[in-house]
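Per-entry structural report
Below, each chain spelled out in residue letters.
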Amino acid sequence: MTPHLQIEDVSVTYGAVRALNRLSIHAAKGETVALIGPNGAGKSSLLLAIAGVVPLRSGAVRLEGRDLAGQEPEQRVGLGISLVPETRDVFKKLSTHENLLIGASRRRLTRAQMQADADRIYALFPRLAERHNHMAGFLSGGEQQMLAIGRALMAEPGLLMLDEPSLGLAPVVTDAVYAAIATLRDQGTTILLVEQNAARAFSVCDRAYLMQAGQVIEEGSAASLSARGSVESVLFGRSAPAKELRP
Amino acid sequence: MTLLQMLIDAASVGGLYALTAIGIGLIFGVIGLVNFAYGEYIMVGAYVLLLSASLYWPFAIAAVLVFVVLFALASDYLVFRQVRRAPPETLMIVSFGLSFMIQHIWVVMFGSLTKTVNFLPAINRSVEIAGLRIAGVSLLQIAATVVLTTVLALFIKYTRIGYQMRAVSENPRMARLVGVNSNRVIAVAFAISAVLAVTVTVLFVAQTGSMTPFFGVSLTMIGFVATVIGGMGSLPGCALGGFLVGAVTTILQMVLPPHLQPFREAFVFTSVILMLLVRPQGLIAVRSAWERV
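Cut-off values and rules
Residue numbering note: each chain is counted from 1, following its sequence as written. As they are written, the chains are lettered A onward and the ligands numbered 1 onward, keeping that order. Confidence filtering applies because this is a predicted model: local features only for residues at pLDDT of at least 70, side-chain atom pairs given and counted only at 80 or more, and all residues used for totals across whole chains, interfaces and linings. The basis for every side-chain value is the complete set of heavy atoms in the structure, and neither hydrogens nor water enter the calculation. Where helices and strands are cited, they refer to DSSP runs of H or I of at least four residues and of E of at least two residues respectively, numbered from the N terminus. Only C-alpha atoms enter the radius of gyration; for comparison, a globular chain is expected to reach 2.2 Å times N to the power 0.38, where N is the number of residues. Residue exposure (1.4 Å probe, protein chains only): buried if accessible area is under 20% of the type maximum, exposed if over 50%, otherwise partly exposed. For this analysis, a polar contact is any N or O atom pair within 3.5 Å, provided that within protein one partner can donate a hydrogen and the other can accept it, and provided that sequence-adjacent residues contribute only side-chain to side-chain pairs. Contact definition: two residues touch when any of their heavy atoms are within 4.5 Å. Strand pairing requires that DSSP identify at least two bridges connecting the strands. Two rings from Phe, Tyr or Trp (for Trp, the six-membered ring) form a pair when their centres sit within 6.5 Å of each other. Planes less than 30 degrees apart are called stacked, planes more than 60 degrees apart edge-to-face, and all others tilted. What makes a salt bridge here is a side-chain nitrogen of Lys or Arg within 4 Å of a carboxyl oxygen of Asp or Glu, nothing more. pLDDT expresses how confident the predictor is about each individual residue, on a scale running from 0 to 100. The quantity reported as buried area is the accessible area (1.4 Å probe) lost by two parts once they are put together, taken as the sum for both.

Concerning the overall build of chain A
Within chain A one finds ten helices and ten strands. Rg of the C-alpha trace for chain A: 18 Å, near the compact-globule value of 18 Å for 247 residues, within the 12% margin. Seen along its three principal axes, the alpha-carbon backbone of chain A occupies a region of about 55 × 40 × 35 Å. When the 247 residues of chain A are sorted by exposure, 55% land in the buried category.

Re the side chain of E143 of chain A
All names here are of chain A. Position of E143 among the secondary structure elements: in helix α6 (residues 141–153). Residue classification places E143 among the buried positions, given a relative accessible area of 5%. At a separation of 2.7 Å, a polar atom in the side chain of E143 contacts the side chain of R127. At a separation of 2.9 Å, a polar atom in the side chain of E143 contacts the main-chain amide nitrogen of S140. Beyond its immediate chain neighbours, meaning those up to four positions away, E143 contacts R127, L128 and R131.

Focus on the sheet that holds strand β2 (residues 17–27) of chain A
Consider a sheet: its strands pair through backbone hydrogen bonds, and that pairing is either parallel or antiparallel. All names here are of chain A. An order of β2-β1-β4-β5 is seen for the four strands of this open sheet, with the pairing classed as antiparallel. Looking along the sheet, the strands with just one partner apiece sit at the ends: β2 and β5 (66–67). Bridging between strand β1 (residues 5–14) and β2 involves seven bridges; their strand directions are antiparallel. By the bridge assignment, L5 is partnered in β2 with A27.

Digging into the packing of aromatic side chains
Residues and elements named next belong to chain B. Under the defined criterion, the tally for this structure stands at 13 aromatic pairs over all chains. Each ring, one from F204 and one from F215, has its centre 5.1 Å from the other, and the planes form 10°; the classification is stacked. Here F204, found in helix α8 (residues 182–208), pairs with F215, found in helix α9 (residues 215–230); they are eleven residues apart in sequence, far enough to count as distant. Just as F204 is buried, F215 falls in that class too. Put simply, the rings of Y38, Y41, Y47, F67, F71, W106 and F110 touch in pairs and so form one group of aromatic residues.

Regarding the side chain of N171 of chain B
The residue N171 of chain B is located in the loop between α6 (160–170) and α7 (172–177) in this model. Among the polar contacts made by the side chain of N171 of chain B, one reaches the main-chain amide nitrogen of M174 of chain B at a distance of 3.1 Å. Excluding its chain neighbours within four sequence positions, the residues that come into contact with N171 of chain B are D89 and F91 of chain A.

Quick word on the pattern of salt bridges
All names here are of chain A. All chains considered together, the criterion is met by 19 salt bridges over all chains. Where R62 meets E8, a salt bridge forms, and the shortest distance between an N and an O atom there is 3.2 Å. With a gap of 54 residues between them, R62 in strand β4 (residues 58–63) and E8 in strand β1 connect regions that are remote in the sequence. Owing to a relative accessible area of 25%, R62 belongs among the partly exposed residues under this scheme. The exposure class assigned to E8 is partly exposed, which follows from its relative accessible area of 28%.

Overview of the confidence of the model for chain B
Reading fine detail from the predicted coordinates is not recommended where pLDDT is low. All names here are of chain B. In the predicted model, chain B carries a mean pLDDT of 90, and the fraction of residues at 70 or more is 97%. Predicted confidence is poor over residues 288–293, with pLDDT under 50, and the contacts of this stretch with residues over four places away or in other chains come to 32 contacts. Confidence metrics for the complex model read pTM 0.87 and ipTM 0.88.

Re the interface of chain A and chain B
Taken together, the contacts link 28 residues of chain A with 23 residues of chain B. Between chain A and chain B the total buried area reaches about 2300 Å² when both faces are included, carbon and sulfur atoms providing 56% of it. When the buried surface of chain A facing chain B is broken down by residue, E74, F91 and K93 of chain A rank first, second and third, together holding 26% of it. Inspection of the chain A/chain B interface yields four salt bridges. The partner of E98 of chain A in a salt bridge is K157 of chain B, and the shortest N-O contact between them spans 3.8 Å. Counting across the chain A and chain B interface gives nine residue pairs in polar contact (both at pLDDT 80 or more). Every element with two or more residues in the side of chain A that touches chain B is listed here: α1 (43–51), α2 (73–79), α3 (96–103) and α4 (111–124) of chain A.

What follows is the structure in structure tokens.
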């Protein structure tokens with residue numbers, strides 16, 4: 001069976017710096033896959049490469065078997081890929097509601113359909129409904145995160161990519177964000193989740209890849225990775241798993 | 001001349017400048033391009049009007065509209081899109097180059113001498129309202145400015161493409177990442193700025209009846225000055241700046257002695273420099289969503 005997302009031998013470089021080194025991963029339809037690793041592991045670069053923002057030096061990104069080479073970022077949104085970046089990047093000078101409507105830019109919807117979809121997001125994040133008329137720049141960090149996720153969902157993505165959704169958020173807000181992620185997972189959305197908070201990621205993911213220096217060094221279920229102690233060793237350097245690095 | 005008469009004259013002249021400034025300000029707001037070739041949209045429109053003046057006037061205006069909109073879209077597609085990611089100063093130099101190129105192509109095609117056309121002479125007739133004699137074209141200039149500025153503000157605030165424009169203006173990369181076709185949005189901005197240019201063309205040619213391949217330059221300079229005075233990227237600021245420059249120009253025309261009147265523009269630009277020394281960010285600094293773009 002063709003995976004929903006297939007990354008094959010992808011390399012990405014920024015000048016002389018190699019951010020991804022012949023990396024391969026996959027995600028089945030409806031699966032939640034976490035990418036765990038320290039800063040500089042290449043997690044965000046991988047998401048940006050899938051979104052079409054950074055070019056591949058080699059390799060291929062396939063969505064439902066289709067090679068996305070040559071597809072611009074906005075076209076990839078139309079194909080069902082949405083990214084919530086680490087920086088959230090809500091449009092600060094637009095209202096909360098306008099930010100949501102922008103998210104549906106690739107869909108041909110009537111005003112009533114757009115409103116219905118926005119109401120669905122408000123149901124997922126009731127806090128946004130209270131702030132629907134506020135300028136996004138005046139929202140709290142947690143509300144901006146919810147808005148960034150809601151905006152991405154307005155595109156009705158088959159594949160949702162979340163980059164550090166808990167970064168800088170209070171625990172109670174993180175709980176709300178992860179509750180929403182769990183709901184999306186249960187609804188059958190394929191999710192690629194980048195997270196340094198491995199415990200949080202493991203609470204929702206089906207499978208995880210452990211990354212270091214632009215490569216996948218381990219793969220498995222949350223339970224198996226936890227049992228092996230690999231996450232601790234990579235994130236906190238308690239024992240270097242150098243022997244497992246690919247050439 | 002009464003104060004009211006002077007205000008109407010100032011609003012009329014200022015309206016033309018305001019439309020020019022909004023056309024420049026719109027493109028700057030969306031992609032950060034100071035488009036010095038904007039005056040050439042006005043200029044080429046005037047020559048299309050010259051060639052189509054024998055047609056029934058709505059057809060002549062339609063011909064200008066179609067040509068100038070296509071011309072503006074072509075300038076974006078063929079020139080500005082190729083340097084979209086370049087620094088702002090590069091974009092500005094490119095627009096200078098495009099402006100010079102178009103002017104000289106028009107010199108080759110039409111010569112550098114002034115051409116005249118008698119377009120819609122009826123609107124130059126004066127009408128008397130409450131004891132004031134006002135040229136019909138002045139009323140049209142004021143009305144066109146008010147209507148177009150209002151429609152544009154509503155368009156940007158309430159339509160789908162309007163908030164896409166604001167999104168591209170604020171964060172072009174993220175706009176693409178949420179699926180906004182930024183090239184299409186920018187093309188719409190160019191088309192709208194072309195419609196504003198056509199309005200200026202028609203009103204200017206109807207009023208003066210003359211044109212040269214270089215007449216767009218002075219309008220662009222004044223429009224640019226109005227944009228800077230109002231606050232770069234702020235549409236209300238552009239409109240306000242245009243009206244202010246129009247008011248200063250009209251007042252100077254009245255108060256300057258005849259031997260100083262040829263230097264009127266020097267006085268206008270001196271007042272601009274003085275104003276910017278006091279308020280370098282312009283009168284309306286861009287702070288919020290509906291002001292930018």
